[in-house]
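# Structure at a glance
Residues per chain, in single letters:
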Amino acid sequence: MAADDSGTFLSSTRDSDTDTDIGIDLGTTRTVVARADRGNYPVLGFTDENGDDHDFIPSLTALHEGSLVHGFEARRAARQGAPLLRSLKRLLASPTITASTPVALGDETFTVLEVLTDFLRHLRARLEEGRIDVSRCRAVVAVPAHAYGAQRLLTLEAFKAAGFHVAAMLNEPSAAGFEYTHRKAATVSSRRTRVLVYDLGGGTFDTSLVDVVGTSHEVIASHGLGDLGGDDVDLLAASMVLQRAGIAEEDLGAAELDELLEQCRDAKERLTPQSRRLVVVLRGRDIILPVAELYEACTPLVERSVTTMAPLVGRLDDGAPDLTEIAGVYLVGGASGLPLVPRMLRERFGRRVHRSPYPGASTAIGLAIAADRTAAYDLTDRLSRGFGVFREADAGQRLIFDAILSPDSIQASPDGREGTVLTREYDAAHNVAWFRYVECAGVDQCGEPRGELAPYQDIVFPLEASLREVEDLQQVVVERRDRGPRIREHYRIDETGLVRVTITDMTDGYSRQYVLGHRTA
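Residues numbered from 1 in each chain as written. Predicted model: local features only at pLDDT ≥ 70, side-chain atom pairs only at ≥ 80, totals over all residues. Heavy atoms only, no water.

Judged by nonpolar contacts, the single largest core of 72 residues is most densely connected at I24, V33, L120, L123, L127, F164 and L170. It is helix α3 (residues 112-129) that contributes the most residues to this core, seven residues altogether. For L170, the residues in contact, after removing those within four places along its chain, are V140, V141, A142, V143, A175, F178, L367, A370 and L379. Among the nonpolar cores identified, the runner-up in size contains 48 residues, and L252, I287, L294 and A335 belong to it. (Core = buried A, V, L, I, M, F, W, Y, C linked by side-chain atoms within 4.5 Å. Buried < 20%, exposed > 50% of the residue type's maximum accessible area, 1.4 Å probe, protein only. Helix = DSSP H or I, 4+ residues; strand = E, 2+ residues; numbered from the N terminus. Contact = heavy atoms within 4.5 Å.)

Across the interface, α3 lies against helix α4 (residues 149-161) with an axial gap of 8 Å and an inter-helix angle of 45°. Relative to α4, the element α3 is oriented oblique. Judged by the twist between their axes, the crossing of α3 over α4 is right-handed. Note on element contacts: α4 touches α3 through L154, T155, E157, A158, F159 and A161, opposite V112, L113, L116, T117, L120 and R121. Across the contact of α3 with α4, the residue classes break down as eight nonpolar, two polar and two charged. (Axes fitted to C-alpha atoms, helices over the stretch in contact; angles between N-to-C directions. Parallel < 35°, antiparallel > 145°, perpendicular 65-115°, else oblique. Left-handed = near helix turned anticlockwise from the far one by under 90°. Nonpolar A, V, L, I, M, F, W, Y, C, P; charged D, E, K, R; others polar.)

Let us now look at the side chain of S59. Structurally, S59 is set in the loop between β7 (57-58) and β8 (61-64). For S59, a relative accessible area of 11% corresponds to the buried category. At a separation of 2.9 Å, a polar atom in the side chain of S59 contacts the side chain of T31. Residue contacts for S59: discarding those within four places in its chain leaves G27, T28, T29, R30, T31, L85, S87 and F119. (Polar contact = N/O pair within 3.5 Å; in protein donor to acceptor, adjacent residues only side chain to side chain.)

Another point: the sheet that holds strand β10 (residues 84-85). Spatial strand order, β9-β8-β10: three strands in an open sheet with antiparallel pairing. Two strands lie at the open edges of the sheet, namely β9 (67-70) and β10, each paired on one side alone. Where β8 and β10 come together, two bridges link them in antiparallel fashion. By the bridge assignment, A62 is partnered in β10 with L84. Lying on the sheet, helix α1 (residues 71-79) is in contact with β8, β9 and β10; it crosses β9 at an angle near 110°. (Pairing = 2+ DSSP bridges.)

Direction of pairing for strand β18 (residues 277-282) relative to strand β19 (residues 285-290): antiparallel, over a ladder of six bridges. The partner of V281 across the bridge, within β19, is D286. With antiparallel pairing between neighbouring strands as the criterion, β18 and β19 make up a hairpin whose turn holds two residues, including R283 at a positive phi of roughly 50°.

All right, on to the domain arrangement of the protein then. As assigned here, the protein comprises domain 1 (20-173), domain 2 (230-297) and domain 3 (386-516). Summarising the inter-unit geometry, the C-alpha centres of domain 1 and domain 3 are found 33 Å apart. Listed as interface residues are ten residues of domain 1 and, on the opposing side, 15 residues of domain 3. Taking both sides of the interface into account, the surface hidden between domain 1 and domain 3 amounts to around 1,000 Å²; carbon and sulfur atoms contribute 62%. Taken together, domain 1 and domain 3 are joined by zero salt bridges. Counting across the interface, domain 1 meets domain 3 through two residue pairs in polar contact (both at pLDDT 80 or more). Where the side of domain 1 that touches domain 3 is concerned, the elements lending two or more residues are α4 and β14 (166-171). Ranked by the residues each element gives to the side of domain 1 that touches domain 3, the list is headed by α4, at five residues. (Domains from an automatic or database assignment. Buried area = accessible area lost by both parts, 1.4 Å probe. Salt bridge = Lys/Arg side-chain N within 4 Å of Asp/Glu carboxyl O.)

This part takes up the confidence of the model for the protein. Per-residue confidence for the protein gives a mean pLDDT of 88; residues scoring 70 or more make up 93%. Here strand β2 (residues 9-10) stands out as the least confident element of the protein, with mean pLDDT 30; α3 is the most confident, with 97. With pLDDT under 50 throughout, residues 315-319 is counted as low confidence; its partners more than four residues away or in other chains account for ten contacts. (pLDDT = per-residue confidence, 0-100.)

This is the structure:
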């Protein structure tokens, strides 16, 4: 049995001969699945090795007897000394991630795509144990709003390889915006149409400003951090426990450290506004940590999230936060359950702060709403990151950054509405075109990239017909030409937030299509 979004307990099974719309939130610490059921969106339940019910599967992977195991099985194997991988999603957030990025577990090495796909195969098996026919499911999945294209592509590839039919990919706070409207539609009025989503998960932080008119949602802007979440609170608590116990971290074995982090996470999640102390058992001793000290240590983390959110509030006025147009500041994500978070947000934004009653499942519920073919919700989302290419200028004398798409560029929607499209034409000046595409946090007023750069795999396009059959164009020496063919570049943002590029030689129509540097046609 699992609780639906109204608190009612419903069966998590469904006749396998019926198509199912589901939302899957692949979280840093927990993976949550919700489904559409006649206007309700129950969260599916999973049992652990003891037969206890949970509304999630731990996002854990371990190496047990030479094989990968996941979820509750991974947690049990780790307690028996197996090498454990936590927070794979943080690795996915790296700007340099590729499908072949190595992941070490004990003496074995796997690629990040292998680990992620195997985890999702495990998720599929657990769903099918609950009589969910995944082959007939329409799934909507999510990634952080600030996710680079590589993370989006890897996530899609892993779901596909695991046998899921992904109908759409949403940004996590955009999905939470659906859940807000579903639950608190009465707070939205003609004067207050904007929802500020504050999504603090296990390993990432996202925030989006969403404009709501009826069931139509438009994301005005989004910001995020790939290195801030509940994991950081757990690490702080563990460090403070070790300090009080007089034990150095290096003196703990891997299994002991995993157990300590798990205890800190469990103790953190049991905290209430009235809690005064946190108790962790370490080597047979009760270590007592005053909650006030933990909150003092965590305050800079929460302040960092508020600072990240500030530009979105700043879009409403030029001074102190004026929430005239804000229907609500919505707290979602498992880590927002830390009482310090709503306390600090309410000090800043007042009584308009609302916390989801199911913060850890809010994104999954919103995704199920988006997947529901009987619902009337629609979404206009944005790229949330900059995209451009490094090009030669001044006859090859210098290299410049050519900003192509901004974070405000609109994604296509699952219902077929076109996203931002940009086309440019020029006369080529080389025998091959070498496109060094990159993503960035944004683009400044001068058109230069800001924040961390994430390079795509370089694209090399033949500008001479004689080079079209060359397998490795990167080995061709680039030579300047006085006169080359007319070239068209066509850019489109699809419904998953991926940039699709078509490069065409206009002299004869020869073209190639790419997604994130991968040739698709």
